[in-house]
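So you can see what is in the structure, the chains are spelled out below.
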Amino acid sequence: MLKIAFHPIYKHPLPEGHRFPMLKYELLPKQLLHEGTCTADNFFEPELPNDKYIVAVHDPEYYYDLLNMKIPHREARKIGFPLSEVLVERERIIADGTMKGCEFALENGIAMNIAGGTHHAYTNRGEAFCMLNDQAIGARYLQKNGLAKKILIVDLDVHQGNGTAEIFQKDASVFTFSMHGAGNYPFKKEKSDMDIPLVKGTGDDTYLSILKETLPKLIATEKPDFIFYLCGVDVIATDKLGTLGLTVEGCRQRDRFVLDTCHKLQIPVQCSMGGGYSPEIKVIVDAHANTFREANEVYF
């Protein structure tokens, strides 16, 4: 059975007119249930995790400043959300969803998190709607518990996974692969183990061709025993914060290829949703829902 992390705290109240589409975290599980892609049994509710897994990735001083609301105002502004204790609790619970998802992926081949993909969170700071890097925390969770040795992070959000790249920049046991819009935030990129910056307007055919050429070779070279997939839907042409030109169908085909590849090679995969900022919420929800539809079709 496909197991999906979801908690009501994922939908966090924001000021009127805020550009982050927080509503998607409420609508996506409802859509999956409504259309029959999932039942209530597919969902599990994450909790507050053991801090030791968070400080295995994040600087303890930064983490405890977050917990105690001591982040300097200038640094807090870079996060993009009004900082609060509930917001930090939300981020911790999202990380737990990814860690528990790792266990389910080892059992079932795949697991999903309705939220997550917080790849702009660095070791010692947060930015761009990210405070704690859920998939980096998940990677360390696996390694510390002897559940995986070599890990591949496949980041196909339109924005480079700069925080993830920084966290693992000196760690050969975690390979970071980011395929993103060259002209997108972050404008000062970090160095992933493999970066593929794409020109503005890159569409389905070119995108899928590059991905299909790259991913199997990368897996064959690196031989990971676990994969994290960050499946942001901000690659589609209507996205307000993206520069690429994929259709929703092209984005679906992207997900299908990644999941097919993991399944055929029998490498467990944990998926976090990442970004999506199209003006119409239904477009965002449908594009995200495709990832779950494809996971069900490929694995179950």
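Only a predicted model underlies this, so the values are computations on that prediction, with no experimental measurement involved.

K.L.:
When you look at the overall build of the chain in this model, what are you seeing that I'm missing?
P.N.:
A tally of helices and strands in the chain yields ten helices and eight strands. Taken against the 2.2 N^0.38 rule, which gives 19 Å for 300 residues, the C-alpha radius of gyration of the chain at 17 Å falls within 12% of a compact globule. Its C-alpha atoms give the chain principal-axis dimensions of about 45 × 45 × 40 Å. Pairs at least 24 apart in sequence give 75% of the contacts found in the chain among residues at least 6 apart. Just so you have it, the chain exposes about 12200 Å², and 51% of that area is on carbon and sulfur atoms. When the 33 basic and 40 acidic side-chain charges of the chain are each reduced to a single mean position, those positions are 3 Å apart.

K.L.:
Would you mind showing me how to read the pattern of salt bridges here?
P.N.:
Where side chains of opposite charge bring their charged atoms close, a pairing between them can arise. Inspection of the entire model under this criterion finds 19 salt bridges. Between Glu127 and Arg125 there is a salt bridge, with its nearest N and O atoms 3.6 Å apart. In this structure, the salt-bridge partner of Lys217 is Glu213, at a minimum N-O distance of 2.4 Å. Remark: Glu213 and Lys217 occur in helix α8 (residues 204–222); sequence separation between them is four residues, near one turn of the helix. Taken together, the shared-partner salt bridges connect Glu249, Arg252, Arg256, Asp260, Glu294 and Glu297 into one network.

K.L.:
What is the right way to read the packing of helix α1 (residues 24–35) against helix α10 (residues 281–299) from this model?
P.N.:
Packed helix pairs are characterised by how far apart their axes lie and by the angle those axes make with each other. It is at 9 Å that the axes of α1 and α10 come closest, and there the two elements cross at 55°. On the basis of the axis angle, α1 is oblique to α10. Seen along the crossing, α1 lies across α10 with a hand that is right-handed. Residues Lys24, Leu27, Leu28, Gln31, Leu32 and Glu35 of α1 touch α10, and the partners they reach there are Ile281, Ile284, Val285, His288, Ala289, Phe292 and Arg293. Residue classes in the contact of α1 with α10 are distributed as eight nonpolar, two polar and three charged.

K.L.:
I'm lost on the sheet that holds strand β7 (residues 226–230) in this one. Help?
P.N.:
Strand pairs in the sheet, formed through backbone hydrogen bonds, run parallel or antiparallel to each other. What the eight strands build is an open sheet, ordered β2-β1-β3-β8-β7-β4-β5-β6; its pairing is parallel. Lying at the two open borders of the sheet, with one neighbouring strand each, are β2 (43–44) and β6 (194–198). Alignment of strand β3 (residues 110–113) against strand β8 (residues 269–272), held across four bridges, turns out to be parallel. Counterpart to Met112 in the pairing with β8 is Cys271. Running at roughly 175° to β7, helix α9 (residues 248–264) makes contact with β3, β7 and β8 of the sheet. Each of β1 (3–5), β3 and β8 is contacted by α10, which is oriented at about 165° to β3, the strand it contacts most.

K.L.:
What exactly am I supposed to notice about the pairing of strand β4 (residues 151–155) here?
P.N.:
For a regular strand, side chains alternate in direction, first toward one face of the sheet and then toward the other. With respect to burial, β4 is a largely interior element, five of its five residues being buried. Burial along β4 is two-sided: the face carrying Ile151, Ile153 and Asp155 and the face carrying Leu152 and Val154 are both buried. Here β4 runs beside strand β5 (residues 174–181); their pairing, made up of five bridges, is parallel. Pairing of Val154 across the sheet is with Phe177, part of β5. Crossover connection from β4 via helix α7 (residues 162–167) to parallel β5: handedness right-handed.

K.L.:
Sorry, what's going on with the environment of Gly101 here?
P.N.:
Mapped onto the elements, Gly101 comes out in helix α5 (residues 85–108). Assessed through its relative accessible area of 0%, Gly101 is described here as buried. Taking the C-alpha atoms as reference points, Gly101 and Phe300, separated by 199 residues in sequence, lie 16 Å from one another. Filtering out sequence-adjacent residues up to four positions away, Gly101 remains in contact with Phe44, Ala111 and Gln270.

K.L.:
Mind showing me how you'd approach the packing of aromatic side chains here?
P.N.:
Within a pair of aromatic rings, the relevant descriptors are the distance that separates the centres and the angle that separates the planes. Counting across every chain of the model gives 15 aromatic pairs. Seen from their ring centres, Phe20 and Tyr25 are 6.2 Å apart, and the 25° between their planes marks the pair as stacked. In this pair, the class of Phe20 matches that of Tyr25, namely buried. The interplanar angle of 55° and the centroid separation of 5.2 Å between the aromatic rings of Tyr63 and Tyr64 together place this pair among those described as tilted. In this structure Tyr63 comes out as buried when scored by relative accessible area, which is 0%. Counting every residue linked through ring pairs, the aromatic cluster contains Phe6, Tyr10, Phe20, Tyr25, Phe43, Phe81, Phe129 and Tyr277.

What counts and what doesn't
Residues numbered from 1 in each chain as written. Predicted model: local features only at pLDDT ≥ 70, side-chain atom pairs only at ≥ 80, totals over all residues. Heavy atoms only, no water. Helix = DSSP H or I, 4+ residues; strand = E, 2+ residues; numbered from the N terminus. Rg over C-alpha atoms; globule rule 2.2 N^0.38 Å. Contact = heavy atoms within 4.5 Å. Areas by Shrake-Rupley, 256 points an atom, 1.4 Å probe, with all protein chains shown as cover. Lys, Arg positive; Asp, Glu negative; His and termini not counted. Charge placed at Lys NZ, Arg CZ, Asp CG, Glu CD. Salt bridge = Lys/Arg side-chain N within 4 Å of Asp/Glu carboxyl O. Axes fitted to C-alpha atoms, helices over the stretch in contact; angles between N-to-C directions. Parallel < 35°, antiparallel > 145°, perpendicular 65-115°, else oblique. Left-handed = near helix turned anticlockwise from the far one by under 90°. Nonpolar A, V, L, I, M, F, W, Y, C, P; charged D, E, K, R; others polar. Pairing = 2+ DSSP bridges. Buried < 20%, exposed > 50% of the residue type's maximum accessible area, 1.4 Å probe, protein only. Right-handed = clockwise from strand over helix to strand, strands pointing away. Phe/Tyr/Trp six-rings, centres within 6.5 Å; stacked < 30°, edge-to-face > 60°.

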